[in-house]
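Next come the chains, spelled out residue by residue.
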Amino acid sequence: MRDSITLQVARYRPEQESEATFDEHEVPCPKEWVVLDGLNHIKDRIDGTLSYRWSCRMGICGSCGMTVNGEPKLTCATFLSEYGRGPVRVEPLRNFPVIRDLIVDMGDFMRKLVRVKPWIVRQAEKPLSEGEYRQTPEELDDYKQFSMCITCMLCYAACPIYGLDPKFIGPAAIALAQRYNLDSRDEGASERMEVLSEHEGIWGCTFVGECTKVCPKHVDPAGAIQRYKLTAAVESMKSFFMPRGA
Amino acid sequence: MIKRHPEPLLWMLFSAGGVVSALLMPILLVLFGLAFPLGWLQPPSYEHLLAVLRNPLTRLVLFGLCMPSLFHWAHRFRHTLYDGLQIKHLNEVIAVICYGGAIVGSAAAAYLLWHVP
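Conventions adopted
Residues numbered from 1 in each chain as written. Chains lettered and ligands numbered in written order. Predicted model: local features only at pLDDT ≥ 70, side-chain atom pairs only at ≥ 80, totals over all residues. Helix = DSSP H or I, 4+ residues; strand = E, 2+ residues; numbered from the N terminus. Buried ≥ 20, exposed ≤ 12 C-beta atoms within 10 Å, placed from the backbone. Contact = placed C-beta atoms within 7 Å. Arc of directions from axis to C-beta. Pairing = 2+ DSSP bridges. Axes fitted to C-alpha atoms, helices over the stretch in contact; angles between N-to-C directions.

Asker: Outline the overall build of chain A, supporting the account with residue identities and numerical values.
Answerer: Scanning chain A from N- to C-terminus turns up nine helices and seven strands. Principal-axis analysis of the C-alpha atoms gives chain A an extent of 65 × 40 × 30 Å. Evaluated residue by residue, chain A yields a buried proportion of 39% over its 246 residues. Counted over contacts in chain A with a minimum sequence separation of 6, partners at least 24 positions apart contribute 67%.

What follows is the structure, given as structure tokens:
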């Protein structure tokens, strides 16, 4: 087994360069090391100025998404050994403005996320004395898959539509809207529909399916979008044929 | 309140067209494009086929195959032109050509099916 591998790491320091460059470093690659371990090795031992986001290193926080050899990956879940002899090229997530080195500006995604109200909306909260909102296992199953989203934004980096039209609300926001729409305790579906049924909402998607391919949590955002298209189309037809009733 | 735009209707036609063309087109193509001309199967006689086609139900099914399939093509081609060729600024022209083509094609299909001798 090889004991080291070459990491080509994208650097962008706006105060000293106008274009991204690459630094090359040899890092150890024991079989349990992931790309993030390699980056941490560089930061701790070789070049402390390298900037990137990470936190939990176990695929939960969703902050270490980067482009590894051209593909959007969670660097904490991508083993160096998968790349054989290397080199492994680490770049920031595509489709987002780069702030520094491997750090992207996620402001656009955050603003979109909040528009779909990814929380339980109630028309009226029942008093605490009446206890919790109960749910059957079947009701939980309806949305559980979509609740696995960790907002790592790999799907946005993979989505060619988002790349072409940054107004598109994007895969994770739609999947998370569905996570709450399908929750039996939620009453916010009609509020979310206003945002989702816009042209830049679900209709921007042409079902390329890359979002589902790269999702590290198997959320299947493409499936969520297709399901929601049917819901929205049916609602739209209803409001067309029954303008007052629907 | 949902904002009114034609996208849901167009998507439904696209979707329906995708389903019917995926289910029925291959069968028709294999039968009439390969199996009958190459003699794998004994082709039905002209009179037999004409009699089948004279049944209004057959014509309705064929129209139900042609029209959504054409709209499926229109929708897909429109998006291919938009995104593939990056010519979104020609939005209106592309939409008119694509959906216009589907409407003309559907009208032609309806005309031909209506005038089966």
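Asker: Let's hear about helix H7 (residues 189-196) of chain A: which residues, and what values?
Answerer: Residues and elements named next belong to chain A. Restricting attention to buried positions, one finds in H7 the residues Arg192, Met193 and Leu196. Each buried residue of H7 sits inside an arc of 110° when the element is viewed along its axis, so together they form one side. Buried residues along H7 sit in contact with helix H6 (171-181) and helix H9 (221-241).

Asker: Report on the sheet that holds strand E2 (residues 21-28) of chain A, specifying residues and quantitative values.
Answerer: Residues and elements named next belong to chain A. The strand order across the open sheet formed by five strands is E2-E1-E5-E3-E4, and the pairing between neighbours is mixed. Where the open sheet ends on each side, the last strands, each with one partner, are E2 and strand E4 (71-74). Ignoring which end each strand starts from, the neighbouring axes of this sheet average 35° apart. Where strand E3 (residues 65-68) and E4 come together, four bridges link them in antiparallel fashion. Bridge pairing in E4 links Thr67 to Pro72. Relative to E2, helix H1 (residues 35-46) is tilted by about 95°, and along the sheet it contacts strand E1 (4-11), E2, E3 and strand E5 (88-91).

Asker: Break down the interface of chain A and chain B for me, with residues and values.
Answerer: In this complex, chain A contributes 16 residues to the contact, which on the side of chain B involves nine residues. Listing elements by their share of the side of chain A that touches chain B, those giving two or more residues are helix H5 (160-164) and H9 of chain A. Tallying contributions element by element places H9 of chain A first for the side of chain A that touches chain B, with seven residues.

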